[in-house]
Amino acid sequence: EWRGPIVCSGETILAFTQGGDALAALSAKDGSVIWKQPIGDVLLKAPQKSGAQWLLAGKNNRILLLNSGDGKIDAEILWPTWLVDVLAITLDGKPLVVCSDIRGRLSVLDAATLKTLREIRLPAPPCSDMLFVPQFPGTWGSTSTTGADADVESILALDTPKTKLQPAILVTDRDGFC
């Protein structure tokens, strides 16, 4: 009846029904069905826990927040263009949703309502998964070395934070640059 577990979280396993049209939450203890929710499309990536909700993004550009207790839709939005990635993060104790799309935009959404809090135009369209780094040193640099006696100290200095550690979202473009 199930198409394999896709996410395990504590005492809950999320799996698709055999037809693939609904997502189900199953008890990891006894396999009983806790809830089922029709999804309507293939997921962009595996569901992610966001506070007391499950974050889902379909390849049809639909972003959903499901209540983890009963599976009901708490918030839903149809994104205006193709999504590249969707990520559930927590920043200063507040759950947020971050998404990137083919327009080259990174958007930060409120995790309760999916309303846009901030939108950033990226220098190039993203092409892969985003990575949330809670404490990033905030400095990038490069050094030039020549020969076998390269100045190791100048390379190691790049790893020393020169500013306060701060959260960052790392996104790559088709050339592999962040």
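Attention in this report is confined to the structure presented alongside it.

Okay, the overall build of the protein chain next. Check the secondary structure of the protein chain and you find one helix and 14 strands. Every one of the 178 residues in the protein chain was classed for burial, and the buried ones make up 37%. Carbon together with sulfur atoms contributes 54% to the accessible area of the protein chain, which is approximately 10400 Å² in total.

Right, let's get into unusual backbone geometry. One non-glycine residue with positive phi stands out, namely D92, at about 55°. One can find D92 in the loop between β9 (83-91) and β10 (94-101). Positive phi values are uncommon outside glycine, yet L114 reaches one of about 65°. For L114, a relative accessible area of 1% translates into the label buried.

All right, on to empty space enclosed by the protein then. The final tally for this structure, using the stated rule, is one cavity of 30 Å³ or more. Here the largest cavity defines a volume of roughly 40 Å³. Every residue along the wall of the largest cavity is listed here: I39, D41, L43, L56, A57, G58, N60, R62 and L64. Taken together, the elements giving at least two residues each to the lining of the largest cavity come down to β6 (53-57) and β7 (62-67).

Turning to the environment of K94, a few remarks are in order. Locating K94 in the fold gives a position in strand β10. Of the residues examined, K94 reaches a relative accessible area of 38% and is grouped as partly exposed. It is 10.0 Å that separates the C-alpha atoms of K94 and A112, two residues lying 18 residues apart in sequence. Excluding residues that lie within four positions of it along the chain, K94 makes contacts with I89, D110 and L117.

Let us now look at the side chain of D85. Within the element layout of this structure, D85 appears in strand β9. Assessed through its relative accessible area of 0%, D85 is described here as buried. Within the structure, D85 has its side chain in polar contact with the side chain of K45 (distance 2.9 Å). Of note is the side chain of D85, whose polar atom sits 2.6 Å from the backbone nitrogen of M130.

For sheets, the rule is that strands pair by backbone hydrogen bonds, running either parallel or antiparallel. Read across the open sheet, the four strands follow the order β5-β6-β7-β8; overall the sheet is antiparallel. Two strands bound the open sheet, and with one partner strand each, they are β5 (48-50) and β8 (73-78). Recorded for the sheet is a direction-independent mean angle of 25° between the axes of neighbouring strands. Summarising the sheet, β6 and β7 pair through five bridges and their orientation is antiparallel. Residue pairing for β7: L55 is matched across the bridge by L65.

Counting across every chain of the model gives six salt bridges. A salt bridge links R103 to E119; the nearest nitrogen and oxygen atoms lie 3.9 Å apart. Taken together, the positions of R103 in the loop between β10 and β11 (105-110) and E119 in strand β12 (residues 116-121) put the pair 16 residues apart, joining distant regions of the chain. Judged by relative accessible area, which is 40%, E119 ranks as partly exposed. Residue R105 pairs with E119 through a salt bridge whose shortest N-O separation is 3.7 Å. Of the two residues, R105 sits in strand β11 while E119 sits in strand β12, which places them 14 residues apart along the sequence. A network of salt bridges, in which partner residues are shared, links D101, R103, R105 and E119.

Parameters and conventions
- Residues numbered from 1 in each chain as written.
- Predicted model: local features only at pLDDT ≥ 70, side-chain atom pairs only at ≥ 80, totals over all residues.
- Heavy atoms only, no water.
- Helix = DSSP H or I, 4+ residues; strand = E, 2+ residues; numbered from the N terminus.
- Buried < 20%, exposed > 50% of the residue type's maximum accessible area, 1.4 Å probe, protein only.
- Areas by Shrake-Rupley, 256 points an atom, 1.4 Å probe, with all protein chains shown as cover.
- 1 Å grid on protein atoms, 1.4 Å probe; cavity = no way out; pocket = protein on both sides within 12 Å on 5 of 7 lines; lining within 4 Å.
- Points joined across faces, edges and corners; volume = space filled by probe spheres on them.
- Contact = heavy atoms within 4.5 Å.
- Polar contact = N/O pair within 3.5 Å; in protein donor to acceptor, adjacent residues only side chain to side chain.
- Pairing = 2+ DSSP bridges.
- Axes fitted to C-alpha atoms, helices over the stretch in contact; angles between N-to-C directions.
- Salt bridge = Lys/Arg side-chain N within 4 Å of Asp/Glu carboxyl O.

So yeah, pure geometry; function would need other evidence.
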